[in-house]
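What the coordinates show
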Amino acid sequence: MAFAVLSLITLCGAATAQTSALDLARDRSASIQGRIADAEGHPLVAAVVVYGRAVVNGKLDLFAMCSTTSTVEGRYECGSLRPGQYIVSAVPAPPSTSEPDKAIEAIAKIYPRTFSPGTTQFLESTAVSLSHGAVGIADVVVRPEVPNSVKGVLSLRPQHPSFLLRAHVGPFDLPTSGKVEYDPATGNFTIAGVPSGEISLGADWADGGRVHHEYGTATVVSGRANTITLALIGRHRLTGSVLQPSADGLDLEHSLPKTVTLAGLGSRSGWHLEMPIDERGHFVFPDLADGSYALGVRGKDMYVARMEIGGKPVEGDILRLTAEMNDPNVTVPLADTRASVSGRISADEVVPQKTAVLLESLRDSTTLVAQVGQAGEFSFGPLPPGDYRLYAWKDITSVPYRDQEVLKNVLSKSREVHLDNDSKVAGVQLSIISDGR
């Protein structure tokens, strides 16, 4: 039997200037300090991460602004922080052992990732607000729980897979720790020391020059025989060609769009990739994972009305890749469109570089964002025909607009429009939305 250890990985990075409220100030004069202890007040040596929250490309995300380890007295300190709001998490070190054969049995209790002041639920955590030069206090009380084990199987029985276990906390997936026992002869594995709650597990390995990936999710419940089912996630080389509309049918012409685009749908919302179209109308996406994507083009007044995948016709622009596909080829006949929508909001409400209008497709929830001019004007086009909804945000940089719950909360301030191929909807008046969270 082979053993592998899932190591605790801390997310490192900084919020980008595009969307983060933490980037409004350049000074790093604030700090956070506190103590990590158990419910009886005993100090704990723990991995401490101070997270900043920021909206990036319409999604709320966490960024590790500081990573440190508490002392034997349980004390920690993180300095050089910008003014803003922060969440502190702590994961005490697991019991150590010098005997690998007894590594799994040695874990009699585990300390799950805990957020200040003492909850495993991110949405119940208390944020620390820091002003210029402030010192915030954030103590974390961590309560142990009985460790759980999770069993599963890798169907292809690779020799040396690597595993990454993540815990689902609120809207985020954060890496967590565990110990894996894996048998390459059968593909069976057992993960010990897993906290209760929702988890995801990925397994990667290389074989024959290709990287393979299996992925699955599960809800771990204490006292139960927990299992997780992993599915093979395909990787694809997508090739294709675009055909321009003409009076005599669909022929390859010299005047083609310059770029083909893919926008992720569902769990991949916010993912976007563009590739060039050559002079013959051909394009290549060299490495795509299974999932659903909206296929589009840029550079001409055209849109994707239908496509053929492996010779099979598909209506619309939704491309679905599955593990059963083997490097698919897609033919994309294009259609003309002159549809557009434009309008205005009150100029008094405009904040330069921040006020924007969001255009949401009601068919597939893909979005476009247009900055509002100084006089309050905005426009979109050319657009594929269909039904759309418009939202005017006073500060688009702070709004997680890819969250459907956020959009539902401000539905009364939105405006729905229908576009045909030749529709030119002008003079749309929108009410400004100050805060959608």
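Summarised in this report is the structure supplied together with it. Quick caveat: nothing in here was measured; it's all calculated off a predicted structure.

What counts, and where the lines are drawn
Residues numbered from 1 in each chain as written. Predicted model: local features only at pLDDT ≥ 70, side-chain atom pairs only at ≥ 80, totals over all residues. Heavy atoms only, no water. Pairing = 2+ DSSP bridges. Helix = DSSP H or I, 4+ residues; strand = E, 2+ residues; numbered from the N terminus. Axes fitted to C-alpha atoms, helices over the stretch in contact; angles between N-to-C directions. Disulfide = S-S within 2.5 Å. Buried < 20%, exposed > 50% of the residue type's maximum accessible area, 1.4 Å probe, protein only. Salt bridge = Lys/Arg side-chain N within 4 Å of Asp/Glu carboxyl O. Contact = heavy atoms within 4.5 Å. Core = buried A, V, L, I, M, F, W, Y, C linked by side-chain atoms within 4.5 Å.

**Overview of the sheet that holds strand 19 (residues 231-233)**
The strand order 13-12-16-17-19 describes an open sheet built from five strands, whose pairing is antiparallel. Both edges of this open sheet fall to strand 13 (172-175) and strand 19, since each of them pairs with a single strand only. The mean inter-strand angle of the sheet, taken between neighbouring strand axes irrespective of direction, is 30°. Of the strand pairs in this sheet, strand 17 (residues 210-220) and strand 19 are connected by three bridges, and their pairing is antiparallel. Residue pairing in the sheet places Tyr215 in a bridge with Ala231 of strand 19.

**A short note on the state of the cysteines**
In this structure the tally under the stated criterion is one disulfide. Two residues share a disulfide in this structure: Cys66 and Cys78, whose sulfurs sit 2.2 Å from each other. One quick way to see it: the torsion about the S-S bond of Cys66 and Cys78 is about -75°, and its sign makes the bridge left-handed. With a gap of twelve residues between them, Cys66 in strand 4 (residues 59-69) and Cys78 in strand 5 (residues 75-81) connect regions that are remote in the sequence. Note on accessibility: Cys66 and Cys78 belong to one class, buried.

**Digging into the pattern of salt bridges**
Taken as a whole and judged by the stated rule, the model has nine salt bridges. Here Glu274 ties to Arg298 by a salt bridge, and the two come within 2.7 Å at their closest N and O atoms. Here Glu274, found in strand 23 (residues 272-276), pairs with Arg298, found in strand 25 (residues 291-298); they are 24 residues apart in sequence, far enough to count as distant. Taking the relative accessible area as the measure of exposure, Arg298 reaches 39% and is therefore partly exposed. Residues Arg338 and Asp422 are paired through a salt bridge, measuring 2.9 Å at the closest nitrogen-oxygen approach. Within this pair, whereas Arg338 is found in the loop between strand 30 (329-336) and strand 31 (339-344), its partner Asp422 is found in the loop between strand 36 (415-419) and strand 37 (424-429), the two being separated by 84 residues in sequence.

**Some thoughts on the sheet that holds strand 25**
With antiparallel pairing, four strands are arranged side by side in an open sheet as 23-22-25-29. Both outer strands of the open sheet, strand 23 and strand 29 (318-321), are each paired with one neighbouring strand and no more. The mean angle between the axes of side-by-side strands here comes to 30°, regardless of whether they run parallel or antiparallel.

**What about the environment of Arg75?**
Structurally, Arg75 can be placed in strand 5. Each C-alpha atom, one on Arg75 and one on Pro43, is 8.0 Å from the other, the two residues being 32 residues apart in sequence. If sequence neighbours within four positions are ignored, Arg75 has contacts with Gly34, Arg35, Thr69 and Ser70.

**Side note on the nonpolar core**
Core analysis: the biggest nonpolar cluster contains 22 residues, and Val242, Leu262, Phe283 and Val332 have the highest contact counts within it. Looking at this core, the elements that each hand over two or more residues are strand 20 (235-246), strand 22 (259-264), strand 24 (282-289), strand 25, strand 26 (302-304), strand 27 (306-309), strand 29 and strand 30. For this core, the element with the highest residue contribution is strand 24, accounting for four residues.

Shape descriptors only; they carry no functional weight alone.
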